[in-house]
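Each chain, letter by letter, is given below.
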Number of protein chains: 2
Amino acid sequence: MKIMKSILRNTAIWAAIVAMLVLTSNTALAKDPLPSWNDGATKQSIINFVKKVTDKSGPDYVPPEERIATFDNDGTLWSEQPFYFQFGPFVIDRIKALAPKHPEWKTTQPFKAALEGDKKTLADSGMKGFTQLAMTAHAGGTTAEFEQTVKDWIATAKHPRFKRHYTELVYQPMLELLSYLRANDFKSFIVSGGGIDFMRPWVEKVYGIPPEHVVGSSIKTKFEMRDGKPVLVRLPELDFMNDKDGKPVAIHKFIGRRPIAAFGNSDGDLPMLQWTVAGDGPSLIAIVHHTDAKREWAYDRKSDIGRLDKALGEANAKGWPVVDMKKDWKVVYPFEMK
Amino acid sequence: MKIMKSILRNTAIWAAIVAMLVLTSNTALAKDPLPSWNDGATKQSIINFVKKVTDKSGPDYVPPEERIATFDNDGTLWSEQPFYFQFGPFVIDRIKALAPKHPEWKTTQPFKAALEGDKKTLADSGMKGFTQLAMTAHAGGTTAEFEQTVKDWIATAKHPRFKRHYTELVYQPMLELLSYLRANDFKSFIVSGGGIDFMRPWVEKVYGIPPEHVVGSSIKTKFEMRDGKPVLVRLPELDFMNDKDGKPVAIHKFIGRRPIAAFGNSDGDLPMLQWTVAGDGPSLIAIVHHTDAKREWAYDRKSDIGRLDKALGEANAKGWPVVDMKKDWKVVYPFEMK
């Protein structure tokens, strides 16, 4: 009993310290949960929404298990210019790495163009050439081998404009939003057109989103025994393209609940936003609008990458919050904060 | 500051009460975390595994985020005789419910046989007839409508032998195992050949497993606007069959991490067990062997439902734990406990 009392006393002291830390951090959060966001309608609509769905005594309360938020990745959580990081630089680097075993690529298109950086021929090869390169870069080995390939690339490759690792080109304001939602018991999922196996090796470290909360495009895999050990072999065949109408389909399949919050930046995200806002309860959706050519890029209706046309029209017509990167964000990338 | 002190003191007192409750319940758990399991090798191997992977100072420690456990459903978490509950009684009941709108079924096979309970003709219609009935029962409406259909059926339908709701035919020892793993920060997923949309409406309430932790078979869905509102329409086309080799494929796709524990009962679970045990770290796999004709059913190598042949051979050869329902379980169903 003496031991019990001592344990309880120690637990109580320890709990008091934790409580103090929690109170302190809550006070800090109460001051500003989104410090890199300028005050304005967008920031306020996020904060109002979170307050409302977590207020147990309010009419819009949502229990924690139903607080599902979905985020597009390319252009919403990290940059996507001048070409989607996975389908541009990663694919090209992968082709270069595989080239020594394929001497025939020196004279075969579209591989020749990829190896020589011949952008015109690459563009001319169209979707067929692109698919051939992408499948070659992504298929062939086992899932374990591909995971290592992605880890190595993410740790070393650098963006040509910023000379920084691609994972440094994530948006500081969105990292704060992810933290803010996490602190309020949301479960955030990535729902991206990017490859599910391309994102999983690094998103937990970079975004705090666990692999099982990643929904993305995939190629087929095959279960096989090799030397008595089971492996999953990556096949050069598309399994699912997680874009446009595919996003609500995949949200339903992978998550099985309708999100109450969703964030995107392009027309590819429109069905996900429509699906989210059509729920019975309260919801928050927002579009990241790339308006800052100086700190990031400025593009929308006419861009081949991350085109934002139809979704911008619908946002304007329906009053959906649009994040104006230039006006709404104090900083874009974490490295700007030194 | 005075208020702060008062809050801290109250928090501390409150924390002490919580700590006492936790200590008490931990003591209870320490006594027996699996009270419906008879003492023996199987129970001990489960407890040893959980202790080992949660022991921070031990060599087999696994951080909480990697404590993934996967469970087959039919025959592992609930019964599956005389026919899988979804693909037998649910399908037949659904055909009966839809029949008034399909007068032609009175004279068209396999619908006629389904409506008349003509088991011989049903069996003769084979996989083609079965697929036709299953697709008719599962496709057609929206995902929201299907969810309501499942909820209604689960709330009302009863098993012919036990005259109880199907959700009462879950295994008490497995419920305890799920609780025990949850208390030790495991994330448990269902990985079942059953329909993902058939399980999600009720598994959270029955097993404490959230919808986003359900992996299963699926039919395709299509995103569509109806009167300006987005819906997902269920198409009569198989999307994915989550059985045999499909289980590790789906585990990789949906979860993206290899489980460290897996539980199954049939040859359909063998690849999932092989995949789990092939991980680098510690793992626990077990097979539920149906050996109790009196309290449940007894079947294995020759059963058409939940055949356990190859997996039993491999379990015996490799020393995998096999749960002998008759010997290992004090009770089978929760209702036996009164």
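Residues numbered from 1 in each chain as written. Chains lettered and ligands numbered in written order. Predicted model: local features only at pLDDT ≥ 70, side-chain atom pairs only at ≥ 80, totals over all residues. Heavy atoms only, no water.

## What about the overall build of chain A?
Quick note on the threshold: Counting from the N terminus, the helices are the DSSP runs of H or I reaching at least four residues and the strands are the DSSP runs of E reaching at least two. The quantity called the radius of gyration is restricted to C-alpha atoms. Its globule counterpart is 2.2 Å times the number of residues to the power 0.38. Note on classification: 1.4 Å probe, protein chains only; a residue is buried when its accessible area is under 20% of the maximum for its type, exposed when over 50%, partly exposed between these limits. Residues count as neighbours in contact if any of their non-hydrogen atoms are within 4.5 Å of one another. Each accessible area value is a Shrake-Rupley result obtained with a 1.4 Å probe; residue values ignore everything except the protein chains displayed when judging cover.
A count of helices and strands for chain A gives 13 helices and eight strands. Whereas a compact globule of 338 residues would reach a radius of gyration of roughly 20 Å, chain A reaches 22 Å, a difference of no more than 12%. Counting over 338 residues, chain A shows a buried share of 51%. The long-range fraction of contacts in chain A, counting pairs at least 24 apart against all pairs at least 6 apart in sequence, stands at 66%. Looking at chain A as shown, the accessible area adds up to about 15,700 Å², and 57% of this sits on carbon and sulfur atoms.

## Let's talk about unusual backbone geometry
All names here are of chain A. Of note, the bond from Gln81 into Pro82 is cis; its omega dihedral lies within 30 degrees of zero at 0°. By the secondary structure assignment, Pro82 is in the loop between β1 (68–71) and α3 (86–98). Here the phi dihedral of Lys163 falls at roughly 55°; this positive angle occurs in a residue that is not glycine. Here Lys163 is to be found in the loop between α7 (143–156) and α8 (172–183).

## Some words on the environment of Pro82 of chain B
Residues and elements named next belong to chain B. Its relative accessible area of 54% is what places Pro82 among the exposed residues. Linking Pro82 and Ile209, residues 127 residues apart in sequence, is a C-alpha distance of 25 Å. Other than its neighbours up to four places away in sequence, Pro82 contacts His159, Trp297 and Ile305.

## A look at helix α2 (residues 41–54) of chain B
All names here are of chain B. Operational definition: Multiplying 1.5 Å by the helix residue count minus one yields the expected span of that helix. This arc describes the spread of directions from the helix axis toward the C-beta atoms.
When the terminal C-alpha atoms of α2 are compared, their 20 Å separation across 14 residues agrees well with the 20 Å that a helix rising 1.5 Å per residue should span. By the burial criterion, the buried members of α2 are Thr42, Lys43, Ile46, Ile47, Phe49, Val50 and Val53. End-on view of α2: buried residues confined to an arc of 155°, all on one side of the axis. Along α2, the residues that are exposed and aim more than 90 degrees away from the buried face are Ala41 and Lys51. The inward-facing, buried residues of α2 abut α8 (172–183), β5 (261–264), β6 (284–291), β8 (322–324) and α13 (325–328).

## Let's talk about the nonpolar core
Just so we agree on the cut-off: Definition of nonpolar core: a set of buried residues of the types Ala, Val, Leu, Ile, Met, Phe, Trp, Tyr and Cys, connected through side-chain atoms within 4.5 Å.
Formed by 153 residues in total, the largest nonpolar core has its most connected members in Met174 and Tyr207 of chain A together with Met174 and Tyr207 of chain B. With near-sequence residues (within four places) excluded, Met174 of chain B lies in contact with Trp37, Phe71, Thr76, Leu77, Phe263, Val288 and Trp329 of chain B. Membership of the second largest hydrophobic core comes to ten residues, among which are Ala99, Ala114, Ala134 and Ala137 of chain B.

## Points about the packing of α3 of chain A against α7 of chain A
All names here are of chain A. Rules: Under this scheme, a helix contributes an axis fitted over its contacting stretch, all axes are lines through C-alpha atoms, and angles between N-to-C directions fall in the 0 to 180 degree range. Between 65 and 115 degrees an angle is taken as roughly perpendicular, under 35 as roughly parallel, over 145 as roughly antiparallel, and anywhere else as oblique. By convention the crossing between two helices is left-handed if the near helix lies anticlockwise of the far one by an angle smaller than a right angle, and right-handed if it lies clockwise.
Here α3 crosses α7 at 110°, and the two axes come no closer than 11 Å. Between α3 and α7, the angle falls in the class roughly perpendicular. Crossing of α3 over α7 shows right-handed handedness. Across the interface between the two elements, Pro89, Phe90, Asp93 and Arg94 from α3 touch Phe146, Thr149, Val150 and Trp153 from α7.

## Some words on helix α6 (residues 126–138) of chain B
All names here are of chain B. Counted at 1.5 Å a residue, the expected span for α6 with its 13 residues is 18 Å, and the 18 Å between its end C-alpha atoms agrees. When α6 is considered as a whole, its buried residues turn out to be Gly129, Leu133, Ala134, Met135, Ala137 and His138. Packed against the buried residues of α6 are α3 (86–98), α4 (111–116), α5 (119–124), α7 (143–156), β3 (214–226) and β4 (229–240). At the exit of α6 stands Gly140, carrying a positive phi of roughly 110°.

## Observations regarding the pattern of salt bridges
Rules: Throughout this description, the term salt bridge denotes a Lys or Arg side-chain nitrogen within 4 Å of a carboxyl oxygen of Asp or Glu.
This model, assessed by the stated rule, comprises 42 salt bridges over all chains. Its salt-bridge partner being Glu314 of chain A, residue Lys318 of chain A comes within 3.0 Å of it at the nearest N-O pair. With Lys318 of chain A and Glu314 of chain A both in helix α12 (residues 310–318), this residue pair falls four residues apart, about one helical turn. For Glu314 of chain A, a relative accessible area of 17% puts it in the buried group. With a shortest N-O distance of 2.7 Å, Arg301 of chain B and Asp309 of chain B are connected by a salt bridge. In this structure Arg301 of chain B comes out as partly exposed when scored by relative accessible area, which is 35%. By relative accessible area, Asp309 of chain B is classed as partly exposed at 31%. Residues participating in the shared-partner salt-bridge network are Lys187 and Arg257 of chain A together with Glu204 and Glu212 of chain B.

## Here's the deal with the side chain of His159 of chain B
Positionally, His159 of chain B belongs in the loop between α7 and α8. If we ignore the near neighbours within four places in the chain, the residues touching His159 of chain B are Gln81, Pro82, Phe85, Arg164, Tyr166, Leu169 and Trp297 of chain B.

## As for the pairing of strand β1 (residues 68–71) of chain B
Residues and elements named next belong to chain B. Basically, it comes down to this: Following DSSP output, two strands are said to pair if at least two bridges run between them.
Here β1 shows a buried face lined by Ile68 and Thr70 and a second buried face lined by Ala69 and Phe71. Two strands pair when backbone bridges link them, and β1 and strand β2 (residues 187–195) are joined in this way by four bridges, in the parallel orientation. Along β2, the bridge assignment pairs Ile68 with Lys187. Note: β1 against β5, three bridges, orientation parallel. Bridge pairing in β5 places Thr70 opposite Ala262.

So, to be careful, I would describe these as geometric facts and stop short of saying anything about function.
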